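Residue-level listing of the chains:
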Amino acid sequence: MAYNTLKQDIIDYAEKIGIDKIGFGSVDPFTQMKARLKAQQEKNYQSGFEKGTIEERTEPAMHLTGAESIISIALAYPSRLTDRPANKRGARRGNVCRASWGVDYHVVLNEKLNRLHAFLENRVPGFRSKIMVDTGELPDRAVAERAGIGFSGKNCSIITPEFGSYVYLGEMITNIPLEPDEMLEDGCGDCTKCIDACPTGALVGPGQLNTTNCIAFLTQTKDYLPDEFRSVLGNQLYGFDTCQLVCPYNKGVDFHLHEAFEPKPDLAKPELLPLLTISNREFKETFGEMAGSWRGKKPLQRNAILALGHYREVSSIETLATLMRKDPRPVIRGTAAFAIGKIGREDSYELIREAMIKEEDATVMKEMEKGLEFEAIYADNGKLKARTE
Ligand code: SF4
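Residues numbered from 1 in each chain as written. Predicted model: local features only at pLDDT ≥ 70, side-chain atom pairs only at ≥ 80, totals over all residues. Heavy atoms only, no water.

It is worth spelling out helix α14 (residues 317-326) at this point. Listed in full, the buried residues belonging to α14 are I317, L320, A321, L323 and M324. Around the axis of α14, the buried residues are gathered within 160 degrees of arc, so they sit on the same side. Looking at the packing, one finds that the buried side of α14 touches α11 (272-276), α13 (298-311), α15 (330-343), α16 (348-358) and α17 (362-380). (Buried < 20%, exposed > 50% of the residue type's maximum accessible area, 1.4 Å probe, protein only. Helix = DSSP H or I, 4+ residues; strand = E, 2+ residues; numbered from the N terminus. Arc of directions from axis to C-beta. Contact = heavy atoms within 4.5 Å.)

Structure, rendered in structure tokens:
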């Protein structure tokens, strides 16, 4: 089999099926990555969403008998919303990160990789592969870096010369020996914009992330959001783009190459209040296709409540008060109480005190007390007066 010709055929076919960039890498262990992951684990910097052991995450050959090469692919996604919905008082909106704007990229990239597999299966007798998109053991970024898709930025993103870091990544381990591509040179140089812009100090060094402080990770957790991150969250519902937005390589970058990734304005910037009372069925129908729905509605609802608190949106008090009294989930009841206090309508504290009489959950009571603390804050501070309708 002439593998060099085959490699070019793969590149041509990839272009034909709408893969924006393709690269090839070896299946050697990712030794540096292994050391980095061990250090991350020791410092408790991991999210808990990682799949597999450190060995499984850094040794591609463990995932396919006879593994010989890895094909890495990238698809560009848009960074600008053309029909931006207005943010009106009383109909406040939240913010969803760019990577979750269109149809779930896992679906789209898996489909492309499956087509690539079928193409190779038809041409190479005994062809086998293992496909991974984000949720597999191998870190997509390390694979893409090795395959020359882009260099690894200090913000932990893969930065491509063509599409900046606005790319989805996926890979296929194969049992055919394909010539590896060259890695790209590091392009960050002295720049530290992303590290300087990170509001929580989650980028603890170049290419080093303390995931537990990363807003993108925190938007996906289901428990109470720790106090120190609540004001930083603002109106963010899912993910966080700051470390990509400030990167000079993303300046002016906005590719609309795939219909599936076109943002739907009402999903990229959802209205907050309707999200609080959405049923499971409605949530699935409305948000089910987007990557950001993978943890269900609870984290998005918790974040929406905090966003209403951030806006001090007085017209949301009735809905929040109902949640505080009746929602079966303590995190939602407690966060609602906190937001009611933060909004600081004249009757906010009376509402919280009334609900405290019946509340039995200690975590919710703690949040109610935090909500009540705003009463004194607003009373003491001339600028931050309690709000009236
Ligand atoms: Fe590198 Fe600067 Fe981009 Fe950060 S902002 S990834 S340091 S080029």
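What follows deals with the domain arrangement of the protein chain. Under the domain assignment used here, the protein chain contains domain 1 (3-174) and domain 2 (222-244 + 258-381). Put simply, the middle of domain 1 and the middle of domain 2, counted by C-alpha atoms, are 32 Å apart. Each partner contributes to the interface: domain 1 provides 37 residues, whereas domain 2 provides 35 residues. For the pair domain 1 and domain 2, the two sides together bury roughly 3300 Å², of which 55% comes from carbon and sulfur. (Domains from an automatic or database assignment. Buried area = accessible area lost by both parts, 1.4 Å probe.)

In this section: unusual backbone geometry. Not every positive phi belongs to a glycine, and D134 is a case in point at roughly 65 degrees. Assignment of secondary structure puts D134 in the loop between β4 (129-132) and α5 (140-146). Given the relative accessible area of 38%, D134 is considered partly exposed. A positive phi angle, near 50 degrees, is found at R312, a position not held by glycine.

Moving on: the packing of α16 against α17. Where α16 meets α17, the axes come as close as 10 Å, and the angle between the chain directions of the two elements is 155 degrees. Here α17 runs roughly antiparallel to α16, going by the angle between their axes. Taken as a pair, α16 and α17 cross one another with a handedness that is left-handed. Contacts between α16 and α17 involve Y349, I352, R353, A355 and M356 on the former and, on the latter, M365, M368, E369, G371, L372, F374, E375 and Y378. For the contact of α16 with α17, the residue count by class is nine nonpolar, one polar and three charged. (Axes fitted to C-alpha atoms, helices over the stretch in contact; angles between N-to-C directions. Parallel < 35°, antiparallel > 145°, perpendicular 65-115°, else oblique. Left-handed = near helix turned anticlockwise from the far one by under 90°. Nonpolar A, V, L, I, M, F, W, Y, C, P; charged D, E, K, R; others polar.)

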